[in-house]
Amino acid sequence: MDQEVEKIKMSEEFRICPACGYRDGFHSMFRKQGRTTQWLFICPSCHKIFDIGFTLPLGSKHTHEIDDQGKE
Ligand SMILES: [Zn+2]
């Protein structure tokens, strides 16, 4: 599934949807891209996807893992 992602530049804040004007912020989604993970934002109103240039490192060693017994 290839959904269109709109690249935008964030100014002071990223809260209002540039496409439809929705004002209450965005849902998050993540997409692997090579060694990084893109952090994308979805408008809850018009469902457009935005890329404001956020990425996360892939395979972070800081992941908090808990085993089946619920012990760390
Ligand atoms: Zn929108």
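Provided above is the structure to which this section pertains.
What you see is a predicted model, and the numbers here were worked out from it, not measured in a lab.

**Q** Could you clarify how one ought to interpret the overall build of the chain in this entry?
**A** From N to C terminus, the chain includes zero helices and four strands. The proportion of buried residues among the 72 residues of the chain is 6%. Counting only contacts in the chain whose residues sit at least 6 apart along the sequence, the fraction spanning at least 24 positions is 37%.

**Q** Explanation requested: the sheet that holds strand β2 (residues 27–33) in the structure shown.
**A** Sheet strands pair via backbone hydrogen bonds, and the direction of the pair is either parallel or antiparallel. The mixed open sheet is built from four strands, whose spatial order is β1-β4-β3-β2. The outermost strands of the open sheet, each flanked by one partner alone, are β1 (5–7) and β2. The sheet shows a mean angle of 45° between the axes of neighbouring strands, direction not considered. As paired strands, β1 and strand β4 (residues 49–57) are joined by three bridges and run parallel to one another. The partner of Lys-7 across the bridge, within β4, is Asp-51.

**Q** Help me understand the environment of Val-5 in this model?
**A** Tracing the backbone through its elements, the reader meets Val-5 in strand β1. Taking C-alpha positions, Val-5 is 6.5 Å from Asp-51, a pair spaced 46 residues apart along the chain. Filtering out sequence-adjacent residues up to four positions away, Val-5 remains in contact with Leu-40, Ile-49 and Asp-51.

**Q** I keep staring at the pairing of strand β3 (residues 36–42) and nothing clicks. Help me out?
**A** Remark: a regular strand shows side chains that alternate across the two faces of the sheet. Strand direction decides the pairing type here: β2 and β3, joined by seven bridges, are antiparallel. Paired with Phe-30 across the two strands is Trp-39, which belongs to β3. What sits between β2 and β3 in their antiparallel hairpin is a turn of two residues, with Gly-34 showing a positive phi close to 65°. The sheet contact formed by β3 and β4 spans seven bridges and is antiparallel. Paired with Ile-42 across the bridge in β4 is Ile-49. Adjacent in sequence and paired antiparallel, β3 and β4 are bridged by six residues, among which His-47 carries a positive phi angle near 65°.

**Q** Explanation requested: the environment of Ile-8 in the structure shown.
**A** With respect to the secondary-structure elements, Ile-8 resides in the loop between β1 and β2. For the pair Ile-8 and Ile-52, spaced 44 residues apart in sequence, the C-alpha separation works out to 5.3 Å. Setting aside residues up to four positions removed in sequence, Ile-8 forms contacts with Pro-18, Phe-50 and Ile-52.

The rules we used
- Residues numbered from 1 in each chain as written.
- Predicted model: local features only at pLDDT ≥ 70, side-chain atom pairs only at ≥ 80, totals over all residues.
- Helix = DSSP H or I, 4+ residues; strand = E, 2+ residues; numbered from the N terminus.
- Buried ≥ 20, exposed ≤ 12 C-beta atoms within 10 Å, placed from the backbone.
- Contact = placed C-beta atoms within 7 Å.
- Pairing = 2+ DSSP bridges.
- Axes fitted to C-alpha atoms, helices over the stretch in contact; angles between N-to-C directions.

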